[in-house]
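One-letter residues, chain by chain:
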Amino acid sequence: MRETRSDGELLRAIAADGDRRAFEELYRRYAPWLVARLRGRCSDAGIVDDVVQETFLAVWRGNARYREEGDVAGWLWRIGSRRLIDALRGDGARGRLRQTLARLRHRDEVSAEERVLAGVEHGDLAGALVRLSPELRAVLQATVIDGLTTREAAVLLGIPPGTVKTRALRARKQLREALA
């Protein structure tokens, strides 16, 4: 009977030879633990399962390299937690838009987002978006459609965060006026 291989031996076998048995052993050893930890951060079992799968795919494909510093569980946790953040950000744009719309429903003034949604049905949304300057459209793309934070949009667009905020306000105002 073969003795149990260490985590380091498993990872070296996966990286060097694409050893499927080593990968399966590593997965059996750590996947349940990673699922339990991630579920403590996210209640959506589907997202957690996807993140665990992506984490182990990164290990299998060699996208994540273990440098033999620290323990393997901590290394897998760092990969998994980053993937979870990415997954939540991806859904975050829709979630933030829904939350914003829900808060604004109780106000007298209709939000630009609500006007945009109404414009899809009743107005000239495409025309209103085309009339925005490329800079304003880029900010809307980054913050509303892609769901990036102001800081992330600033990095992507190569402009200061304050400029992102200003352009977003101007874009919303122009859309509100165009769709009124």
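Placed above this text is the structure.
Residues numbered from 1 in each chain as written. Predicted model: local features only at pLDDT ≥ 70, side-chain atom pairs only at ≥ 80, totals over all residues. Heavy atoms only, no water.

**Some remarks on the overall build of the protein**
Filter applied, for reference: Secondary structure elements are taken from DSSP: a helix is a run of H or I of four residues or more, a strand is a run of E of two residues or more, and numbering for both begins at the N terminus. Residue exposure (1.4 Å probe, protein chains only): buried if accessible area is under 20% of the type maximum, exposed if over 50%, otherwise partly exposed. Note on definitions: a residue-residue contact is assigned when non-hydrogen atoms from the two residues lie within 4.5 Å. Using the Shrake-Rupley algorithm and a 1.4 Å probe, accessible areas are obtained, with residue cover drawn only from the displayed protein chains.
Of regular secondary structure, the protein possesses 9 helices and 0 strands. Along the protein, from the amino end to the carboxyl end, the secondary structure elements read α-α-α-α-α-α-α-α-α. Looking at the protein as a whole, 37% of its 180 residues are labelled buried. Restricting the contact set of the protein to residue pairs at least 6 apart, pairs at least 24 apart contribute 54%. Summing over all exposed atoms, the protein offers an accessible surface of approximately 11600 Å²; the carbon and sulfur share of this is 50%.

**Some points on helix α2 (residues 20-39)**
Heads up, the rule is: By this rule the span expected of a helix is its residue count minus one, scaled by 1.5 Å. Fitting axes to the seven residues that end at a residue and to the seven that start at it, the angle between those axes gives the bend at that residue. Pairs of N or O atoms within 3.5 Å make up the polar contacts considered here, provided that, within protein, one atom can donate a hydrogen while the other can accept it, and that residues adjacent in sequence are counted only when both atoms are side-chain atoms.
For α2, which comprises 20 residues, the first-to-last C-alpha distance of 27 Å matches the rise-based estimate of 28 Å (1.5 Å per residue) to within 8%. At Y30, α2 shows its largest bend, some 40 degrees, and a proline, P32, comes one to four positions later. All of the buried residues in α2 are A22, F23, E25, L26, Y30, A31, L34, V35 and L38. Residue D19 occupies the N-cap position of α2, its side-chain oxygen lying 3.0 Å from the main-chain nitrogen of R21.

**Comments concerning the pattern of salt bridges**
Selection rule: Any carboxyl oxygen of Asp or Glu that lies within 4 Å of a side-chain nitrogen of Lys or Arg is treated as forming a salt bridge with it.
Overall, the coordinates contain 6 salt bridges when judged by the stated rule. Via salt bridges that share partners, D7, E25 and R29 belong to a single interconnected network.

**Some remarks on the environment of T166**
If you trace the backbone, T166 turns up in helix α9 (residues 161-178). Reaching out from T166, the side chain makes a polar contact with the backbone oxygen of G162 at a distance of 3.0 Å.

**Quick word on the packing of helix α1 (residues 7-17) against α2**
To be explicit about the condition: Between N-to-C directions, angles cover 0 to 180 degrees, with each direction set by a line fitted to C-alpha atoms, over the stretch in contact for helices. An angle counts as roughly parallel when it lies under 35 degrees, as roughly antiparallel when it exceeds 145, as roughly perpendicular when it falls between 65 and 115, and as oblique in every other case. The crossing is said to be left-handed when, going from far helix to near helix, the turn is anticlockwise and less than a right angle, and right-handed when the turn is clockwise. Charged means Asp, Glu, Lys or Arg here, nonpolar means Ala, Val, Leu, Ile, Met, Phe, Trp, Tyr, Cys or Pro, and polar covers whatever is left, Gly included.
Orientation of α1 relative to α2, taken along the N-to-C sense of each, is 135 degrees, at an axis distance of 8 Å. One finds that α1 runs oblique with respect to α2. The element α1 and its partner α2 pack so that their crossing is left-handed. In contact with D7, L10, L11, A13 and I14 of α1, α2 contributes A22, F23, E25, L26, R29 and Y30. Here the residues of the contact of α1 with α2 sort into 8 nonpolar, no polar and 3 charged.

**As for a negative patch on the surface**
Rule in force here: A residue counts toward a patch only above 30% relative accessible area and without a salt bridge, and it is joined to like-charged neighbours within 9 Å or, for Val, Leu, Ile, Met, Phe, Trp and Tyr, to nonpolar neighbours within 5 Å. In this tally Asp and Glu are treated as negative and Lys and Arg as positive; neither His nor the chain ends contributes. Taken as the charge centre is NZ of Lys, CZ of Arg, CG of Asp or CD of Glu, depending on the residue.
Taken together, the side chains of D44, D50, E54 and D86 present a region of like negative charge at the surface. Mapped onto the fold, D86 is located in helix α4 (residues 72-104). Exposure remark for D86: the relative accessible area of 49% places this residue in the partly exposed category.

**A few points about the packing of aromatic side chains**
Quick reminder of the rule: Each Phe, Tyr or Trp ring (for Trp, its six-membered ring) is paired with any other whose centre lies within 6.5 Å, and the angle between the two planes then decides the class: stacked below 30 degrees, edge-to-face above 60, tilted in between.
All chains considered together, the criterion is met by 4 aromatic pairs. A centroid spacing of 6.3 Å and a plane angle of 80 degrees characterise the contact between F23 and F56, whose relative ring orientation is edge-to-face. Of this pair, F23 sits in helix α2 while F56 sits in helix α3 (residues 45-61), and the two are 33 residues apart along the sequence. Here F23 matches F56 in class, with each residue buried.

**Description of the side chain of T143**
Tracing the sequence through the fold places T143 in helix α7 (residues 134-145). Among the polar contacts made by the side chain of T143, one reaches the main-chain carbonyl oxygen of V139 at a distance of 2.8 Å. Not counting chain neighbours up to four residues away, the residues in contact with T143 comprise L148, A153 and V164.

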